[in-house]
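Structural features, examined
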Amino acid sequence: LRVSGTTAGILTLFGDMGKGWIMGWTAMHWLTDEPVIMLVALSPILGHLFSPFLNFKGGKGVATALGAVLGLSPSIGLLLLLIWLGAVAIWRYSSGGALAAFGCFPVVAIVNEQRPEFLVFSLIVSTLIWIKHKDNIVRLWKGTESKIGKKKQEIEE
């Protein structure tokens, strides 16, 4: 969105969410072994975070992870999306919304799911997303993180 504009940003969002959703949904509907289902849903997230095409570097994984969760458990995925949207509406930080949503993910998994494999999946995904956001966390702490709707120079003033 920041680099290439709104259209490219929206297409990227849907592409990233879509690859996660396809793998999560397919695993839930075609496989029966819970650990394998979770591993299949984790695979696009890992591929996004550590892409072999980008020298094992990648994005933050939020949209792909959200898509995978929506594929595995639509109600939990929607709850995470609402947490993200609520946090962004309040504080105007996309990274803060992601950290809030995926910080809550294990708690939401414990409260709403009976599958221990899903809880392990939530812990792994949340940990990876928080690790990938370490620079954002530092900027949030310092007050230099970009806010949605604000130009970078406005924040630095």
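Up top is the structure.
Residues numbered from 1 in each chain as written. Predicted model: local features only at pLDDT ≥ 70, side-chain atom pairs only at ≥ 80, totals over all residues. Heavy atoms only, no water.

1. A few points about the overall build of the protein chain
What counts, and what does not: Strands are runs of DSSP state E lasting at least two residues, helices are runs of H or I lasting at least four, and both sets are numbered from the N terminus onward. Throughout, radius of gyration means the C-alpha value; the globule benchmark is 2.2 Å times the number of residues raised to the power 0.38. Relative accessibility under 20% of the residue-type maximum defines a buried residue, over 50% an exposed one, and the middle range a partly exposed one, all with a 1.4 Å probe and only protein chains included. Here, residues are in contact when the closest pair of their heavy atoms is within 4.5 Å. Here the accessible surface of atoms and residues is derived via Shrake-Rupley with a 1.4 Å probe, and residues count as covered only by protein chains that are part of the display.
What the protein chain contains, in helices and strands, is eight helices and zero strands. Starting at the N terminus, the α and β elements of the protein chain follow one another as α-α-α-α-α-α-α-α. The C-alpha atoms of the protein chain give a radius of gyration of 16 Å, which matches the 15 Å a tight globule of 157 residues would have. Taken along the three principal axes of its C-alpha coordinates, the protein chain extends 55 × 35 × 25 Å. A buried classification covers 37% of the 157 residues belonging to the protein chain. Here the analysis covers contacts within the protein chain between residues at least 6 apart in sequence; of these, 60% occur between residues at least 24 apart. As presented, the protein chain carries roughly 9400 Å² of accessible surface, and 68% of it is formed by carbon and sulfur atoms.

2. Some details on the nonpolar core
A general trend in soluble globular proteins is that nonpolar side chains are found buried together. Inclusion rule: In plain words, nonpolar cores are sets of buried Ala, Val, Leu, Ile, Met, Phe, Trp, Tyr and Cys residues tied together by side-chain atoms within 4.5 Å.
By size, the foremost hydrophobic cluster in this structure holds 29 residues, and its most contacted members are I45, L80, F102, F105, F118, F121 and V125. When residues of this core are assigned to their parent elements, the largest contribution, eight residues, is made by helix α3 (residues 62-72). In contact with F105, other than residues within four places in its own chain, are V69, I76, L80, F118, F121, S122, V125 and S126.

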